[in-house]
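Descriptive structure summary
Chain by chain, the residues run as shown.
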2 protein chains.
Amino acid sequence: MGIAERREREKENLRQEIIDAAREIFVSEGYDKLSMRKVAERIEYSPTTIYLYFEDKSALLREVCEEAFYKLGDAIRKAKKTGRTPLEVLRKGLIGYIEFGLAHPHHYEVAFISPKDKIFGEGDYEFEGSAGQQAFSLLSESVAECMASGDIRKGDVATTAQTIWAGIHGITSLLIMHEDFPFVERKRLINSVVDTTIRGLVP
Amino acid sequence: MGIAERREREKENLRQEIIDAAREIFVSEGYDKLSMRKVAERIEYSPTTIYLYFEDKSALLREVCEEAFYKLGDAIRKAKKTGRTPLEVLRKGLIGYIEFGLAHPHHYEVAFISPKDKIFGEGDYEFEGSAGQQAFSLLSESVAECMASGDIRKGDVATTAQTIWAGIHGITSLLIMHEDFPFVERKRLINSVVDTTIRGLVP
DNA sequence: TCCCGTAACTTAACACTGTAAAGCAATGGG
DNA sequence: CCCATTGCTTTACAGTGTTAAGTTACGGGA
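Being a predicted model, the structure only gives us computed values, none of them experimental.

Let us now look at the relation of the copies chain A and chain B. With an RMSD of 0.0 Å, the fit of chain A onto chain B corresponds to turning through 180 degrees and sliding 0.0 Å along the axis. The symmetry that links the two subunits is that of a two-fold axis. Most of the interface of chain A is mirrored in chain B, where 100% of its interface residues are also at the interface.

This paragraph deals with helix α2 (residues 36-43) of chain B. Residues and elements named next belong to chain B. Every buried residue of α2 is accounted for by Met36, Val39, Ala40 and Ile43. Buried residues in α2, looked at end-on, bunch into an arc of 100 degrees, giving them a common side. In α2, the exposed positions that point more than 90 degrees away from the buried face belong to Arg37 and Glu41. Where α2 ends, the next residue or the one after it, Glu44, has phi of about 60 degrees, a positive value.

Turning our eyes to something else, we now look at the interface of chain A and chain B. Residue-level contacts link 44 residues of chain A with 44 residues of chain B. A combined buried area of about 3,600 Å² lies between chain A and chain B, and 62% of that area is made up of carbon and sulfur atoms. The largest per-residue losses of area from chain A upon contact with chain B belong to A:Lys116, A:Gln162 and A:Phe181, which jointly make up 15% of the total buried on that side. Linking chain A to chain B there are two salt bridges. Across the pair B:Arg188 and A:Asp156 runs a salt bridge, and its minimum N-O distance is 4.0 Å. Counting across the chain A and chain B interface gives 14 residue pairs in polar contact (both at pLDDT 80 or more). Elements with a minimum of two residues in the side of chain A that touches chain B: α5 (105-113), α7 (157-177) and α8 (186-199) of chain A.

On to the protein's contact with DNA strand C. DNA strand C sits among 19 residues. The nearest are A:Arg37, A:Thr48, A:Tyr51, B:Thr49 and B:Tyr53. Near the protein, within 4 Å, the atoms of DNA strand C are sugar or phosphate in 53% of cases. In this structure, a phosphate oxygen belonging to DNA strand C sits 2.4 Å away from a side-chain N or O atom of B:Thr49. Within the side chain of B:Tyr53, a nitrogen or oxygen atom sits 2.7 Å from a phosphate oxygen of DNA strand C. If you list the elements that add at least two residues to the surface near DNA strand C, you get α1 (2-29) and α2 (36-43) of chain A together with α1 (2-29) of chain B.

Cut-offs used in this document
Residues numbered from 1 in each chain as written. Chains lettered and ligands numbered in written order. Predicted model: local features only at pLDDT ≥ 70, side-chain atom pairs only at ≥ 80, totals over all residues. Heavy atoms only, no water. Least-squares fit on C-alpha atoms with pLDDT ≥ 70 in both. Contact = heavy atoms within 4.5 Å. Buried < 20%, exposed > 50% of the residue type's maximum accessible area, 1.4 Å probe, protein only. Helix = DSSP H or I, 4+ residues; strand = E, 2+ residues; numbered from the N terminus. Arc of directions from axis to C-beta. Buried area = accessible area lost by both parts, 1.4 Å probe. Salt bridge = Lys/Arg side-chain N within 4 Å of Asp/Glu carboxyl O. Polar contact = N/O pair within 3.5 Å; in protein donor to acceptor, adjacent residues only side chain to side chain. Near = heavy atom within 4 Å.

Note that every value here comes from positions in space, so none of it alone points to a role or purpose.
In structure tokens form, the structure reads like this:
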């Protein structure tokens, strides 16, 4: 039964080709410029063929994002390995998050900044289990450890984690979406946000 | 020469009618569902008539937003009147900002969350002098006063103001765009963000 | 009073978009 | 050898923003 398997393989290959083509266009041109017809042209198939592999544009884009968001998880996990104190782990994680966003602005945009009607098809997207959710879990764990070690004031972990998220999401999204705003020097601003947030959390 | 003036008046009226129609659709259905044809249908003119009054969709939307963002300025100015100490003024201003965003989510979205290709036509939008810019100036003034009074640690005003902006923009945009995320209770979270930010800034 | 230019608006069209339905062609199993 | 399934394409629909050309009404000058 090698034939069915070869078929299966080829089908999987095309699926991956579609994702690759979509990612290439998406990364360089962004969401608005990504169209099904452009993807189709790049893989040299008809536009509707894509619909045999993905339910709709949202589903395709979701795949592209999931792929990238493993990297975000990696960045935070790396912080967990290299940081020597819980607070240092947290700090490195926050910096890693912001740098990830700035390195992959289009991904960050559709997944975190304006996901509505973009990667969430009709409101039935499963955040549970997604790579984005995993990244948030890692942040929460880091927060819990900081509380346990006494590095930051004790309190509700979820509230604290979401407060931190607000801060780092705020600066990341502002820097991505408001390129023309006269921000102060980038590194300085990022450090200010991270430092202010952490200073606001220590006992 | 009353005729030319009447004409002028009528033209201005139609212009305002277009803005009104656009706002109504926009407020209730958001950017994606706002189309020139829908606006046209509501005012009972042909779609292309709108182009005699506005350069393009961005220009029309920009008008709708400018209109709304005077309210944001008002909210911050109100904080300036009712707050008794510079820090209280700042705090009320931050809360006012967040509440404004949550009260006008669609406006906040196109103006602050994802302005690219929405209200910024082809990158030649004048942030200088816009209502949004005025609001940010008010925030900066408030920060400067807090530094002068010693309520918050002294430092670069722009950096501090932008750091604060990151925090309040972060929570506002998250709450608007991620309705399905399991956030902790709204008021609790907002207070946590504002408190943490301010605690991070006091000497 | 008549004519004509101009201003206001409409109609038609272009180049796109995402997506559904129907058609076609090849291929492997009975 | 036939036939059904699989994989893909063609066609089409209902939208989008926007431009260019066409139409109509009206006020000022001759």
